[in-house]
Every structure is written in structure tokens, then in C-alpha cells.
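# A look at the structure
Letter by letter, the chains look like this.
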Amino acid sequence: MDAHRGNPPRSSGETETRKGIRAGLKNELIWTMLGVGALPLMLAMILSYLQGTKSLQGVIGASFKALAYETSTKIDLLIEGEISRNIRHANHPSIRSAVSGFNQTLLDPATRQKQIEEVIAGSTKPILESEASRVLQSFQKRKTLSVLATQALYVTDAFGVLRASINDFPDLLHSEKPDWRKTISGDKEFVYIGPVTFNEKTESFLMTFAFPVLDDKEKAIGVLHHVFDAKEFFSGSIEPITFGETGHVMMIDSSGMVIDCPIIPTGFMLEDPVLVRSVTGKSPDWVKTMGDGHGGEDLSIIGFSPLEQTREWITKSEGRNWYTFAWQASDELFAPMNNLFLWV
């Protein structure tokens, strides 16, 4: 009998089972190693994406802020130039002489009301044919954007009575209107800039600038009124500024009313009060906000800037301040970053 006893032979089924277990363990180990190695990579990609998005938002916000500020400065200069021209017009000798002469005829309180009533009851034809009206019409000969946007240019005396005009747009008596009241009672450097309001006669949104007509002692003896179509006045400075498919600059007032925009009509009110408060700050800035004022509810980046020089005149006129507003649709704005992340 053989003293050495070996292990009993294994069946083929048992051998295959053991091989399967070893292969399964090896696969699990490989996948575990891959998972452990891939997890930090995925986390790094996500963190890089989030950090890249944050940095991109900062760059975009700063760019939009700069664009809004540049546009607001350009519009400030536009308005300042218009103010300077109208002050010169208000000081034209023929304008001053005509207003002074009419004022003299109304000094007597006993006859003043009667004469004013006669002017109101009469025709505007004598007014339009006056020397002062011809001078006003001469100011409109150059076909500048300002002239093309002009709806009315007229002069009232110290009692608010119309004395000269380029057309029959204005009423004959203005003593109850804020542009006349504030200008005639203001100092020699007062400039009235009124709110943008809808006018039924022209079926458009108009704004009024007003300037004192001064005598030799620099006392206000009358008022020069200049009425503009708001969209026509600002469109040359606002609407050419576009980028991409949706990027553009617009102009709003502190209540959220659109003054000029290449997409939204003038007079449209931005409905979200949070958005309006966010983009009407005292200094140029940019914000992230939900909603864009154009119907979207997604996260938006908006740069804005007040018209800082114009704000001084509007504040004295007790009006609503004006702001520029730079924006681009979020799906277009972040498309390159999102596409890169999906590709990776």
C-alpha cells in the first residue's frame, strides 16, 4: 500500500467556478481602481467648470458695466450739447426783445386777464408769422438728429402765454404746466428736463426741455421750450450698439419704463420691481439677477449706469433719473462654456 496519499483530483466544474470567482474579483478590482481614479478627475472638472463660470461671469459683468457707462457718458454729452445750443437760442436778441415787449403789455393787472383771454381765443397764425417764430424756424434748418427728433420749439412769456413757435403743436397758455412754472421761477442756470410721456396728438412718447429767457439783469422773462420724440432723439446713440444675436444696450428711467431699446418699444414698463431696483443704482455697476426685462426668467448678467451729468438737471426738475442697461440672452452668453463642458 502506497504510504503517500495525494489530494483528490478536482472536477472540471469546480475548477471553472474558481476561475470565474477570480475573474470577477479581478474585474471588480479594476473597476474600483478606475472609479477611484476617475472620481477626483470628475470633481476637478466640475470645480474647474464652476470656477470658470464664475470667472466668466465676472469678466462679462465688468464688460457690460463698461459698455453701459460708455453709452451713458455718450448720451450725457449729447444732452449737454443740446442744452448749450438751446441756451444760445434762448439768448437770441430777437427772442429776448419779443418776450420783453409782450411782457410790457401785460404789466397792468387790470387788463392782463382780458388780453390773455383774447390771445387764447385768437388764431395761432399771427404767432407763427412773427419775427420771433421765424428766428425759431431758422434754428431748425440743419437736418441734424436733434432737428429730426424735434416735435415742437416755442417761446412763452413771463405769464405763460405762447409768443413764438415753429408749428401749431403747443397750447396757447402754459402757466399751469410744470416746465413753464419751474423754469420761470428757477435761477438763471436752471434747465428743465421733463419725464418721457405719451402724447395723444403725436401718438408717440415725448420729452420736454425748457430754458429761461433772460433779460440784461439775468432775470427770467420767458421760457424757451423744446419738445423731442424720445426714441428719435436717443436712437442714434443707443440702437447701433448690438453684439451677437441678442446683445444690446437700452435706456430706461428709474421707474422701469423703457425710453429706447432696439427690441422693446418705448413706454414698455419692466414688470419685475426687483430687477428695476437692481439696475437703477447710484453708480455704474453690474448685477446677476433672475429675469432680464425681455421676457426671460433665467439668470442674467446686466451692466448699468446712470446718466450722471443729466441726473443733476433731472433732480432739479423733480423727474425720474435715466439709466443705460447692457444685456445679452443667457443661453447665448454661456453657450461656449456649456458646450465645452458637455464636450469634455
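Above this text you will find the structure in question.
The numbers attached to residues start from 1 for each chain and follow its sequence in the written order. Local features in this predicted model are restricted to residues whose pLDDT is 70 or higher, and side-chain atom pairs enter the listing and the counts only when it is 80 or higher, whereas totals over whole chains, interfaces and linings include all residues. To get the side-chain values, take all heavy atoms of the structure and skip hydrogens and water.

### Thoughts on the overall build of the chain
Short version of the rule: Every helix listed is a DSSP run of H or I at least four residues long, and every strand listed is a run of E at least two residues long, numbered separately from the N terminus. The classification of residues rests on relative accessible area computed with a 1.4 Å probe and restricted to protein chains. Under 20% of the type maximum is buried, over 50% is exposed, and intermediate values are partly exposed. Should any heavy atoms of two residues lie within 4.5 Å, those residues are counted as being in contact. The accessible surface values rely on the Shrake-Rupley method and a 1.4 Å probe; as for residues, cover is taken only from the protein chains in view.
Each helix and strand in the chain was counted, giving twelve helices and twelve strands. A burial count over the chain gives 41% of its 344 residues as buried. When contacts within the chain are restricted to residue pairs at least 6 apart in sequence, those whose partners lie at least 24 apart make up 60%. Accessible area for the chain stands at about 19200 Å²; split by element, carbon and sulfur atoms hold 57% of it.

### Notes on the nonpolar core
Put simply, the test is: Among buried residues, those of type Ala, Val, Leu, Ile, Met, Phe, Trp, Tyr and Cys that are joined through side-chain atoms within 4.5 Å constitute a nonpolar core.
Of all hydrophobic cores here, the largest spans 44 residues; its most connected members are I79, I193, M207, F234 and W322. Take this core: its biggest share by element is eight residues, from helix α1 (residues 12-90). Counting residues in each nonpolar core, the second largest holds 16 residues, with F304, Y323, W327 and A329 among its members.

### Here we look at the packing of aromatic side chains
Operational definition: Any two of the Phe, Tyr and Trp rings considered here, Trp counted by its six-membered ring, make a pair once their centres fall within 6.5 Å; the pair's planes then place it as stacked at under 30 degrees, edge-to-face at over 60, or tilted in between. Geometrically, a charge over a ring is one whose NZ (Lys) or CZ (Arg) sits within 6 Å of the ring centre while staying within 35 degrees of the ring normal.
A full pass over the atoms with the stated rule returns seven aromatic pairs. With a centroid separation of 5.7 Å and an interplanar angle of 50°, the aromatic rings of F64 and F243 are classed as tilted. Within this pair, whereas F64 is found in helix α1, its partner F243 is found in strand β7 (residues 242-243), the two being separated by 179 residues in sequence. Plain terms: the ring middles of F198 and F205 are 5.3 Å apart, the flat faces sit at 65° to each other, and that makes the pair edge-to-face. A connected cluster of aromatic rings, assembled from ring pairs, spans F209, F228, F233, F234 and W322. The ring of F169 carries K201 above its face, with NZ or CZ at 4.8 Å from the centroid.

### Some points on the pattern of salt bridges
Convention followed: What makes a salt bridge here is a side-chain nitrogen of Lys or Arg within 4 Å of a carboxyl oxygen of Asp or Glu, nothing more.
Taken as a whole and judged by the stated rule, the model has eleven salt bridges. K177 is the partner of D171 in a salt bridge, and the nearest nitrogen-oxygen pair spans 2.6 Å. Residue classification places K177 among the partly exposed positions, given a relative accessible area of 29%. Close ionic contact of K231 with D260 constitutes a salt bridge, the shortest N to O distance being 3.0 Å. Taken together, the residues K231 in helix α8 (residues 230-238) and D260 in strand β9 (residues 258-260) connect sequence positions 29 residues apart.

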